[in-house]
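Examining the three-dimensional arrangement
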Amino acid sequence: MRLFPLVSFPVLAVLSGCSVQRPEATRQDLALLDAPGLPNLQARLSTQSAVPFSDVPFMRMAARETGKPLLEVMGFEEKLPPLGGSGTYRIGPGDQLAFGDGQTLTVRGDGQVRHPDFGTLRASGRSLSDLQALVDSRALDRGMPRRAIRIAEYNAQGISIGGNVAAPIAAPITANPMTLNRALMLAGGVTSVQEDLAVVSLFRDGTLYQIPFQSSSALMERIVLQSGDSVYVGSILDLGATE
């Protein structure tokens, strides 16, 4: 639903004797983004129609008078993804595992690594603690000292973020949860868009979620990104989030 001021732009123009043309906001060139994982999100957003730029000053007036956020006055309806933690990190192909004996092994495409002392180990799908327990068990069976394991490089899982941010990036998912708030900071924050018009779009498993950029940091911290998520920051004028 779209809400308009009581006196619209064309009516004011007629009363003042001026002729009026309503310019439409031009769409951002989404093709300029080259961060991996964004094509599906770009295609989804490109089907939405633009919001008339000339409506904005009057909607801002209405927002000030009502004390409501501008996007709410414009009829924007946020759609939040599920909130909460992402759970324990699961090792995957491409991750590098560092053993206490100096061995650094890359998880193969079949999900396994081969250690000279412990043989073939299935690492993919396990948590680090699960893999450590397996290695400890084999070390005990073979009468060898315990070898601590850590993840030296996270390469198996990642997210991408682009649009009106300072530095579009593809970032790995690590043992430290990647929240939406943290991802936006890693990308350098919003640029070239007025923050009260900015919309953060999140594309996950075929579903598009949209959140006002000016949402509280507490809410943004509760949105934990998952591997394969694509995030795009744009203006409601370009994304056409208002129907």
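Refer to the preceding data block for the structure.
In this report, we go over the structure that sits alongside the text.

Thresholds applied
- Residues numbered from 1 in each chain as written.
- Predicted model: local features only at pLDDT ≥ 70, side-chain atom pairs only at ≥ 80, totals over all residues.
- Heavy atoms only, no water.
- Pairing = 2+ DSSP bridges.
- Helix = DSSP H or I, 4+ residues; strand = E, 2+ residues; numbered from the N terminus.
- Core = buried A, V, L, I, M, F, W, Y, C linked by side-chain atoms within 4.5 Å.
- Buried < 20%, exposed > 50% of the residue type's maximum accessible area, 1.4 Å probe, protein only.
- Salt bridge = Lys/Arg side-chain N within 4 Å of Asp/Glu carboxyl O.

**Some thoughts on the pairing of strand E1 (residues 96-99)**
Strand direction decides the pairing type here: E1 and strand E2 (residues 104-106), joined by three bridges, are antiparallel. The residue bridging Gln-96 from the neighbouring strand is Thr-106, located in E2. Where E1 hands over to E2, the hairpin turn is made up of four residues, of which Gly-102 adopts a positive phi near 95 degrees. Sheet topology note: the E1/strand E5 (residues 149-153) ladder contains four bridges and is antiparallel. Looking at E5, one finds that Ala-98 is bridged to Arg-150.

**A few points about the nonpolar core**
With 39 residues, the main nonpolar core has Leu-97, Leu-121, Leu-131, Leu-180, Leu-184, Val-200 and Leu-225 as its most contacted residues. When residues of this core are traced back to their parent elements, those giving at least two are E1, helix H5 (128-141), E5, strand E6 (158-163), helix H6 (180-186), strand E8 (198-204), strand E9 (207-212) and strand E10 (230-235). It is H5 that provides the largest number of residues to this core, a total of four residues. Ala-63, Met-74, Ile-236 and Leu-237 belong to the second largest nonpolar core, which has eleven residues in total.

**Re the pattern of salt bridges**
Applying the stated criterion to the full structure yields six salt bridges. Residue Arg-146 is joined to Asp-136 by a salt bridge in which the shortest nitrogen-to-oxygen separation is 3.2 Å. Here Asp-136 lies in helix H5 and Arg-146 lies in the loop between H5 and E5, a separation of ten residues in the sequence. Put simply, Asp-229 and Arg-204 hold a salt bridge, and the shortest N to O gap is 2.7 Å. Of this pair, Asp-229 sits in the loop between helix H7 (217-222) and E10 while Arg-204 sits in strand E8, and the two are 25 residues apart along the sequence.

**With respect to unusual backbone geometry**
Here Asp-205, not a glycine, exhibits a phi torsion of approximately 50 degrees, which is positive. Here Asp-205 is to be found in the loop between E8 and E9. Owing to a relative accessible area of 74%, Asp-205 belongs among the exposed residues under this scheme.

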